[in-house]
Amino acid sequence: MREKFKQWLSLGNRANWVVFALFTLLIFVQTLLFDHFAFRELELQPSAQNRIAMILAKLAASMLFASFTFLLRDKRWLIALSLVIDTWFVANLIYMRNNHILLDAEAFNMSGNLHGYFWSVLIYIEWGIDLLFYGLTALFSCIYFFTTSSKRCWQAWLGMLLLAVGTRLGAEALYVNDKKKTTQTEAAYDAVPFIREHREPVYGTDFPTTVANTSVLYSPLYITSDYYLMINEIQPDRPLTPHDYALMAHLDSGEDSVLLDSPLIIVLLESLENWVLTPQIMPNLYRLTKNDHTFYANRIHTQIVGAPSADGQMIVNSGLLPINAGATCLHYPRNTFPAIMKLAPDSAICLLPHDTCVWNQTAMSPAYGYDSTICYTDIDTILFQKLDSLVDEGYRYIQCITQSTHAPFVNEKYSRLELPKSMPWVMYNFIRGFNALDDGLGYFIRKIETDPILQNYTIVFTGDHRILHHEKRQQMLRYARRWSKKHAGTEWEWISSLTPDDDCLPLVIYSPKISGNPHYTGDCYQMDIYPTYRALVGAEDYRWRGFGINLMDPAQKRPILEDEAFPLSDRLIRNNYFQR
């Protein structure tokens, strides 16, 4: 037996085995590095069993790719394979920083729907980290040339392939067993170990955590199968349960025929986070938060999933939450959405900063109740002048979306705010970009304060989503702490109070129906925006009450928790519940 094993071991000769071991080690180290840079924000604390499953899954993926060593006569093809793997790692890291999830079928399905947005990715490239993966491949390439072999060995490849699959099956068994222990529910899985039924990576909200516990190299297998289902419009069966209908009996129990009794303007400020709404950065919007007839909440937790601006627009307009895979607008433009603007007694206008192909806006604007869409390409100063001109022309129902504060925040050049040059450049551009936005917004806010016609409107200002990822926030926090020690008591002291340490957005609502200047200081959600302004525009009796609460009603209790609302909303949208 020992002789047979030695004979089998030498089938690929020693050089092949050395290259195989090096390539396995290379990919394994890269998967661990990827997990560190991609998932450190999650602060995962896996059990011992789950940790072993994680290591085995990554080792199995590494062995699977390295086994091609035995099939190739020209081993230089391994360098090409390694570069492809590097590119996959780096692409996922950049996408994770941008969207807080990993590349999935949705990401590929959106690629043709975001024409002109590719440049915004540049800000999320971190050269020191991203080039590290290519550096490891370069190191492997150098070692390879000293240990090369042109011998091909099918037997050794088959043996390594079986070993890799066996290791992966073992990891899957440990993962499934541990999940059953922690969730106390029976998970359903396909017979094929790499593709789970009701896949968490694709359909669930726990995609990053799942990949962290397996390997990002397996996600193409999930993506391929899911993309096939997507383009053929085949979705897993997700019927509404009796419990869902019981919840909806309370949430969807009003009238159908309701008309708005107050003109309404919704202003979505691109990428607005709560910490920049200060008297130094956004003095005009900040001033409005202090005025009579203005409601202000500064801790709105974002609930976007996979298509940030599109998801934010849907939540604010309809009170629904995104499907778990995100990018609702791509799949369900023909759905009947319970949008407030559908209740407008006359025309509703959508004012966009981009082409109507983006976010499938051509189809989604009518789905949300907008009769016509106007596109502009100017800076946001011009946008608010156009918004004011629409009001002067008699339009009473308008949504407008800003653009200048979209990553990579290049419109900071229009800002007059002086900031220290030592500030991290992303934060420098981000802050000055919102100062420039506020300068244009100031024109419209002054009209709110002085124009008796505009003072009869209900006007909603909020952000569509957060934008800055964990590393950028931590960089700014460290800078602010250092700054506070050096500049306490000076005119620059306010910089030390900038703390971008959460995922919250602000909400500012002006309405003649608001008495005084109420503030809501507690934690709340984007799903609360719809019920809050719904009560101000005469739609309180409208059938769809939404998942959230009216933040101006302190006595109101939450009808449904966020964890329940997400899967319920997913099923409502997939089943087109509101089409009656």
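Predicted, not measured: the structure shown is a model, and the values here were computed from it. Residue numbers run consecutively from 1 along every chain, following the written order of its sequence. Side-chain atom pairs in this predicted model are given and counted only at pLDDT of 80 or more, local residue features only at pLDDT of at least 70, and totals for whole chains, interfaces and linings cover all residues. Think of the side-chain values as coming from all heavy atoms in the structure, minus any hydrogens and water.

S.K.: Give me the overall build of the protein: which residues, what numbers.
M.R.: Secondary structure follows DSSP: runs of H or I at least 4 residues long count as helices, runs of E at least 2 residues long count as strands, and numbering of each begins at the N terminus. Scanning the protein for helices and strands turns up 20 helices and nine strands. The buried label applies to any residue whose accessible area, calculated with a 1.4 Å probe on protein chains only, is under 20% of its type's maximum; exposed applies above 50%, and partly exposed to all values in between. Going through the 580 residues of the protein one by one, you find that 57% of them count as buried. Sequence separation of at least 24 residues holds for 78% of the intrachain contacts in the protein that already meet a minimum separation of 6. For the area figures, the Shrake-Rupley method with a 1.4 Å probe applies, and any residue is considered shielded solely by the protein chains shown. Total accessible area on the protein is roughly 24600 Å²; 58% of this is exposed by carbon and sulfur atoms. Contacts are assigned to residue pairs with any non-hydrogen atoms lying within 4.5 Å of each other.

S.K.: Please set out a nonpolar patch on the surface residue by residue, giving values where relevant.
M.R.: The grouping of F108, Y227 and I231 at the surface amounts to a nonpolar patch, some 270 Å² of accessible area in total. Assessed through its relative accessible area of 30%, Y227 is described here as partly exposed. Think of a patch as exposed residues, more than 30% relative accessible area, with no salt bridge, where like charges cluster within 9 Å and nonpolar side chains (Val, Leu, Ile, Met, Phe, Trp, Tyr) cluster within 5 Å. Basic side-chain nitrogens of Lys or Arg form a salt bridge, by our definition, when they fall within 4 Å of a carboxyl oxygen of Asp or Glu.

S.K.: So what's going on with the packing of helix α17 (residues 425-450) against helix α18 (residues 470-486)? Which residues, and what values?
M.R.: At a minimum axis distance of 9 Å, the contact between α17 and α18 shows a crossing angle of 90°. In terms of orientation, α17 lies roughly perpendicular with respect to α18. On α18, the residues touching V426, M427 and I431 of α17 are K472, R473 and M476. Three classes are used: nonpolar for Ala, Val, Leu, Ile, Met, Phe, Trp, Tyr, Cys and Pro, charged for Asp, Glu, Lys and Arg, and polar for all others, with Gly counted as polar. A breakdown of the residues in the contact of α17 with α18 according to their chemical character gives four nonpolar, no polar and two charged. Only the stretch in contact is used when fitting a helix axis, every axis being a line fitted to C-alpha atoms; angles between N-to-C directions are given from 0 to 180 degrees. If an angle is under 35 degrees, it is roughly parallel; if it is over 145, roughly antiparallel; if it lies from 65 to 115, roughly perpendicular; otherwise it is oblique.

S.K.: Lay out the environment of L83 in plain terms, naming residues and giving numbers.
M.R.: The topology assignment puts L83 in helix α4 (residues 76-99). A relative accessible area of 38% means that L83 is categorised as partly exposed. In this structure the C-alpha to C-alpha distance between L83 and L136, which are 53 residues apart in sequence, comes to 9.9 Å. Discounting residues that sit within four places of it in the chain, L83 has contacts with Y134 and T137.

S.K.: Got a sec to walk through empty space enclosed by the protein? Specific residues and values, please.
M.R.: The way it works is a 1 Å grid over only the protein atoms, where trapped points that fit a 1.4 Å probe form a cavity and open points with protein on both sides within 12 Å along at least five of seven lines form a pocket, and then any residue with an atom within 4 Å of a point lines it. Grid points are joined across faces, edges and corners, and a volume is the space filled by probe spheres set on the points. All told, the structure shown has five cavities of 30 Å³ or more when counted by the stated rule. Each pocket or cavity is described by its volume, and for the largest cavity that value is around 80 Å³. Lining the largest cavity are 13 residues, with S309, H354, W359, I401 and D464 sitting closest to its centre. A per-element tally of the lining of the largest cavity places helix α13 (residues 308-318) first, with three residues. Among the residues forming the lining of the largest cavity, the class breakdown is five nonpolar, six polar and two charged.

S.K.: Give me the lowdown on the pattern of salt bridges, citing residues and values where you can.
M.R.: Under the definition given, this model contains 15 salt bridges. Of the charged contacts, one joins D35 and K58 as a salt bridge, the two residues approaching to 2.9 Å between their closest N and O atoms. Here K58 lies in helix α3 (residues 48-66) and D35 lies in helix α2 (residues 13-39), a separation of 23 residues in the sequence. Each member of the pair, D35 together with K58, is buried. R97 is paired through a salt bridge with E126; the nearest N and O atoms lie 4.0 Å apart. Of this pair, R97 sits in helix α4 while E126 sits in the loop between α5 (105-110) and α6 (127-144), placing them 29 residues apart in sequence. You can call R97 buried: its relative accessible area is 6%. What makes E126 buried here is its relative accessible area of 14%. The network of salt bridges with common partners includes R97, E126 and D130.

S.K.: Could you give me a rundown of the nonpolar core, with the residues and numbers involved?
M.R.: Here, the term nonpolar core denotes a set of buried Ala, Val, Leu, Ile, Met, Phe, Trp, Tyr and Cys residues that are joined through side-chain atoms within 4.5 Å. Counting residues in hydrophobic clusters, the biggest one holds 170 residues, and the most contacted among them are I265, L285, I459, F461, Y533 and F547. For this core, the element with the most residues is α17, which contributes 11 residues.

S.K.: Mind laying out helix α20 (residues 562-574), listing which residues take part and the relevant values?
M.R.: The span one expects for a helix is its residue count, reduced by one, times 1.5 Å. With 13 residues, α20 ought to run about 18 Å at 1.5 Å a step, and its terminal C-alpha atoms sit 18 Å apart, in line with that. Listed as buried for α20 are A565, F566, L568, S569, D570, L572, I573 and R574. Positive phi appears at N576, one or two residues downstream of α20, with a value of about 50°.

S.K.: For a negative patch on the surface, give the residues involved together with the corresponding values.
M.R.: The positive count covers Lys and Arg only, the negative count covers Asp and Glu only, and His and the chain ends enter neither. Lys charges are placed at NZ, Arg charges at CZ, Asp charges at CG and Glu charges at CD. Residues E255, E540, D541 and D553 make up a contiguous surface patch of negative charge. Tracing the backbone shows D553 in the loop between α19 (529-534) and α20. Residue D553 is classed as partly exposed on the basis of its relative accessible area, which comes to 33%.

S.K.: I'd love a proper account of the layout of surface pockets, names of residues and values included.
M.R.: Roughly 690 Å³ of internal volume is contained in the second largest pocket. Every residue lining the second largest pocket is counted, 32 residues in all, and those nearest its centre are Y95, N98, N99, L114 and V121. Of all elements in the fold, only α4, α5, α6 and α13 reach the threshold of two or more residues within the lining of the second largest pocket. Top element by residues in the lining of the second largest pocket is α4. It accounts for seven residues. Split by residue class, the lining of the second largest pocket holds 21 nonpolar, nine polar and two charged.

S.K.: Can you explain the pairing of strand β4 (residues 372-375)? Please cite residues and give values.
M.R.: Pairing between strands is defined by DSSP: at least two bridges between the two strands are required. Bridging between strand β3 (residues 348-352) and β4 involves four bridges; their strand directions are parallel. Bridge pairing in β4 links C350 to T373. Here is how to tell: hold the view so the strands point away, follow the path from the first strand over the helix to the second, and if it runs clockwise the crossover is right-handed. Taking the sense of rotation as the criterion, the β-α-β connection linking β3, helix α15 (residues 361-367) and β4 turns out right-handed.

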